[in-house]
Amino acid sequence: MTNLSTAIKAELTRLGADMVGFGDLTILPSDMRGDLPVGISVGIRVPPDIVCGIAEAPTLEYWDYYHSGQDALDKLADASADFVRSLGFEAIALTRNNVKFVGALRSALPYKTVATRAGLGWIGKCDLLATEQFGTAVWFSAILTDAPLDCAKPITESKCGDCTVCRDACPAGAISGKLWNVELDRDGFFDAAKCAAVTKVRANELIGVDYPLCGKCIAVCPRTKQALLN
Ligand code: SF4
Ligand code: SF4
């Protein structure tokens, strides 16, 4: 790895990232990536106590973390972009207020796409980014840049194999069980509208939160459970 890549990875880790990867985005349309060629993917692990609490139903602790975790990710992305700019490169932090949507439940450049391009994981059957290190219990943000970083080999196939744990546990029946690959659109394996509709009703009934909050597919994933043991 070049000195530049090593220095950026070290600084982003110091700023709080649990996962950092660099992805070549040039196969994507230019307007989708702010005319910049590289995506830096940064992930923060969802705390184990929060994960353990949501195996059966959403909790108020998870609802609190839902905000504080996303705030932390935005701060991390902003600070990361500042650092990259301080080295003389362009950088755009894809914080929540910078994300463009192309549909009700679809962003123009999903964080998960950047993460797969950066070799950090694959899209699980539940449409979460699944990783070897933390299972599905890790949230992502991204920074777009023209810094000449060492980009990873992208992950283009699922590693979920025969596992159907999230499909079987999903209260919405939103998970078809079909394996993701880079050619397959989300709608081909996951029903995001069903997930949002059912989780909103459940969160309202169970904890009085008027928001589609669930997370069961984070907690039940065998790869998440394995990570909790480490
Ligand atoms: S968040 Fe809940 S409802 Fe949505 S896919 Fe995961 S388990 Fe199913
Ligand atoms: S529970 Fe199984 S199928 Fe679902 S994301 Fe985790 S490994 Fe993949």
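Residues numbered from 1 in each chain as written. Chains lettered and ligands numbered in written order. Predicted model: local features only at pLDDT ≥ 70, side-chain atom pairs only at ≥ 80, totals over all residues. Heavy atoms only, no water.

(A) Inspection of the overall build of the protein chain at higher detail. Looking only at helices and strands, the protein chain features 8 helices and 8 strands. Relative to the 2.2 N^0.38 estimate, which gives 17 Å for 230 residues, the radius of gyration of the protein chain is 17 Å and therefore close to what a compact globule would have. Across its three principal axes, the protein chain shows a C-alpha extent of roughly 50 × 35 × 35 Å. With 230 residues in all, the protein chain has 47% of them scored as buried. Total accessible area on the protein chain stands at roughly 10900 Å², and carbon and sulfur atoms take up 54% of it. (Helix = DSSP H or I, 4+ residues; strand = E, 2+ residues; numbered from the N terminus. Rg over C-alpha atoms; globule rule 2.2 N^0.38 Å. Buried < 20%, exposed > 50% of the residue type's maximum accessible area, 1.4 Å probe, protein only. Areas by Shrake-Rupley, 256 points an atom, 1.4 Å probe, with all protein chains shown as cover.)

(B) The pattern of salt bridges, seen in detail. Counted under the stated rule, the structure contains 12 salt bridges. The shortest N-O distance in the salt bridge between Asp74 and Arg96 comes to 2.8 Å. One end of the pair, Asp74, is in helix α3 (residues 60-86); the other, Arg96, is in the loop between β3 (91-93) and β4 (101-103), with 22 residues separating them in the sequence. Assessed through its relative accessible area of 37%, Arg96 is described here as partly exposed. Ionic pairing is found between Asp210 and Lys200, a salt bridge with its closest N-O pair at 3.9 Å. Note that Asp210 is positioned in the loop between α6 (192-207) and α7 (216-219) and Lys200 in helix α6, a separation of 10 residues in sequence. According to the relative accessible area criterion, Asp210 is exposed, its value standing at 53%. Within this structure, Arg106, Asp185, Arg186 and Asp187 form a network of salt bridges that share partners. (Salt bridge = Lys/Arg side-chain N within 4 Å of Asp/Glu carboxyl O.)

(C) Focus on the site of ligand 1. Around ligand 1 sit Cys170, Pro171, Ala172, Ile175, Phe190, Cys195, Thr199, Cys214, Gly215, Lys216 and Cys217, and that is every residue in its neighbourhood. Of all elements in the fold, only α6 and α7 reach the threshold of two or more residues within the shell around ligand 1. Classifying every residue of the shell around ligand 1 by side-chain character gives 8 nonpolar, 2 polar and 1 charged. (Near = heavy atom within 4 Å. Nonpolar A, V, L, I, M, F, W, Y, C, P; charged D, E, K, R; others polar.)

(D) Structural view of unusual backbone geometry. At Asp35, a residue that is not glycine, the phi angle is positive and equals roughly 60 degrees. As for its position among the elements, Asp35 is in the loop between β1 (19-24) and β2 (38-45). On the accessibility criterion, Asp35 (58% relative accessible area) is exposed. A positive phi angle is found at Asp127, which is not glycine, with a value near 70 degrees. Positionally, Asp127 belongs in the loop between β6 (122-123) and β7 (129-130).

(E) A look at the pairing of β2. With respect to burial, β2 is a largely interior element, 7 of its 8 residues being buried. Sheet topology note: the β1/β2 ladder contains 6 bridges and is antiparallel. Bridge pairing in β2 links Val20 to Val42. Bridge count for β2 against strand β8 (residues 138-145) is 8 bridges, and the pairing is antiparallel. Residue pairing in the sheet places Gly43 in a bridge with Phe140 of β8. (Pairing = 2+ DSSP bridges.)

(F) Structural detail: the packing of aromatic side chains. Within the structure shown, the criterion is met by 7 aromatic pairs. Seen from their ring centres, Tyr65 and Trp139 are 5.1 Å apart, and the 40 degrees between their planes marks the pair as tilted. Highlighted residues: Tyr65 in helix α3 and Trp139 in strand β8, separated in sequence by 74 residues. For the pair shown, Tyr65 and Trp139 are each scored as buried. Aromatic rings pair up to connect Tyr62, Trp63, Tyr65, Tyr66, Trp139 and Tyr211 into one cluster. (Phe/Tyr/Trp six-rings, centres within 6.5 Å; stacked < 30°, edge-to-face > 60°.)

Just geometry here; none of it tells us what the structure is for.
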